[in-house]
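If you want the building blocks of each chain, they are given just below.
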Amino acid sequence: MSVQHILDLLDSHAAGDEERLLSVALAAAAAEARAGRPQDAAALKEAVQALRSATPKAGATAAPIPLARPRGELQSLIISSYPRTTLASMVLSSEMEARLQRLVRQQRERAALRDHGQRPSTHLLLIGPPGTGKTMTSAALAGELKLPLFTVKLEAVFSRYMGETAAKIRLIFDQAAQTRGVYLLDEFDAIGARRGDPNDVGEMRRVLNSVLAFMEEPNQTDSVIIAATNHVEILDRALARRFDEVVEYGLPSVAEAKTLLSTRLKKFKLDARALKALAPDLEGLSQADVVLAADAAVKDAILDGQSKVSLDLVRTVLQERRAVSARFHS
């Protein structure tokens, strides 16, 4: 191991950043392998794997995880949370899961990438209709990386005073540079609309130019910046190259909706025949619609003292969700 590896390990330990510590250990293992010491490299890799797969002992109380909380003016701009959601809890296509896992792996092993002059992916654009999993993905990535999720309150960012909106966005990007986390800018089209749009005003053009400049700055903390939008068609084209990954969401297939419904119903789930009968009722519903319908059915079953949900009940709540969605999209 090099002196730099040892220094990085000490820094990681002092910062309480276990993932960074493990990534440095893997980078050291790679260096040992290149130096012709495969046994030392294998020993390091096994130690890292053992730490990652370790689980708390039965009956042990998990230590509280400290939340990184914004201070000062940032308190009015950002909501902080520490999600425990993971990608495994979502119903994703194999391609989408692979792309998201790629970002997770790069973040976990970012020290190894930097040793070779590369940087991990840090900017992610999520596009697609409402209720298809964009917000949940942000929570899952934070959960996978054991990082706080900072949700930016765009309604608090915008100001009628010239220059103030850009200054607030500057604060948010400074926070990302100082405190590692997953930062979610939902409804990003409010900021990233095309310059030169007929409804554009000079101030919004300046705000977008500021965002473009901020996104070009080095991300020394490796914070993950996630922008989500339902209206990709109005985003400025200059934004495309600022994102390492653009992930498009759509409505789930009937098979995916069945899996999501069955997972959400948990111990109240229906048998395979009943799920098959629900195929027409599931078609065209978003992930959020399926989740809300499943939760409604489970609540009714609990209050009625039932151990399972009935096919008729699930069909009814699915149809109710379809009616609500149609109402809002008509």
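Because the structure is predicted, anything quoted here is derived from the model rather than measured.

1. What to know about helix α2 (residues 18–34)
Phase 1 of the analysis: With 17 residues, α2 should reach 24 Å at 1.5 Å per residue; the first-to-last C-alpha distance of 25 Å fits that figure.
Phase 2 of the analysis: G36, located one to two residues past α2, shows a positive phi value of around 85°.

2. Re the pattern of salt bridges
Phase 1 of the analysis: The tally for this structure, following the rule as stated, stands at 14 salt bridges.
Phase 2 of the analysis: Salt-bridge contacts for E245 lead to R99; the nearest nitrogen and oxygen are separated by 2.9 Å. Taken together, the residues span a long stretch of sequence, with E245 in strand β6 (residues 245–248) and R99 in helix α4 (residues 94–108) at a distance of 146 residues.
Phase 3 of the analysis: Taking relative accessible area as the criterion, E245 reaches 9% and is therefore assigned buried.
Phase 4 of the analysis: Exposure remark for R99: the relative accessible area of 22% places this residue in the partly exposed category.
Phase 5 of the analysis: Of the charged contacts in the structure, one is a salt bridge between R114 and D222, with a shortest N-O distance of 2.3 Å. Remark: D222 occurs in the loop between α10 (202–216) and β5 (224–229) and R114 occurs in helix α5 (residues 110–115); sequence separation between them is 108 residues.
Phase 6 of the analysis: One connected set of salt bridges, linked through shared partners, spans R99, R102 and E245.

3. Thoughts on the pairing of β5
Phase 1 of the analysis: Taking burial as the measure, the 6 residues of β5 include 6 buried ones, the bulk of the element.
Phase 2 of the analysis: By the alternation rule, side chains of β5 split into V224, I226 and A228 and I225, A227 and T229, which are all buried.
Phase 3 of the analysis: Pairing geometry for strand β2 (residues 123–127) and β5, over 5 bridges, is parallel. Note on β5: the bridge partner recorded for I127 is T229.

4. Observations concerning the side chain of S223
Phase 1 of the analysis: Examined against the element boundaries, S223 turns out to sit in the loop between α10 and β5.
Phase 2 of the analysis: In this structure the side chain of S223 is engaged in a polar contact, spanning 2.8 Å, whose partner is the backbone oxygen of A176.
Phase 3 of the analysis: At 3.2 Å, the side chain of S223 and the backbone oxygen of T179 are in polar contact.
Phase 4 of the analysis: Beyond its immediate stretch of four places on either side in the chain, S223 contacts T122, A176, T179, R180, G181 and Y183.

About the criteria used
- Residues numbered from 1 in each chain as written.
- Predicted model: local features only at pLDDT ≥ 70, side-chain atom pairs only at ≥ 80, totals over all residues.
- Heavy atoms only, no water.
- Helix = DSSP H or I, 4+ residues; strand = E, 2+ residues; numbered from the N terminus.
- Expected span 1.5 Å × (residues − 1).
- Salt bridge = Lys/Arg side-chain N within 4 Å of Asp/Glu carboxyl O.
- Buried < 20%, exposed > 50% of the residue type's maximum accessible area, 1.4 Å probe, protein only.
- Pairing = 2+ DSSP bridges.
- Polar contact = N/O pair within 3.5 Å; in protein donor to acceptor, adjacent residues only side chain to side chain.
- Contact = heavy atoms within 4.5 Å.

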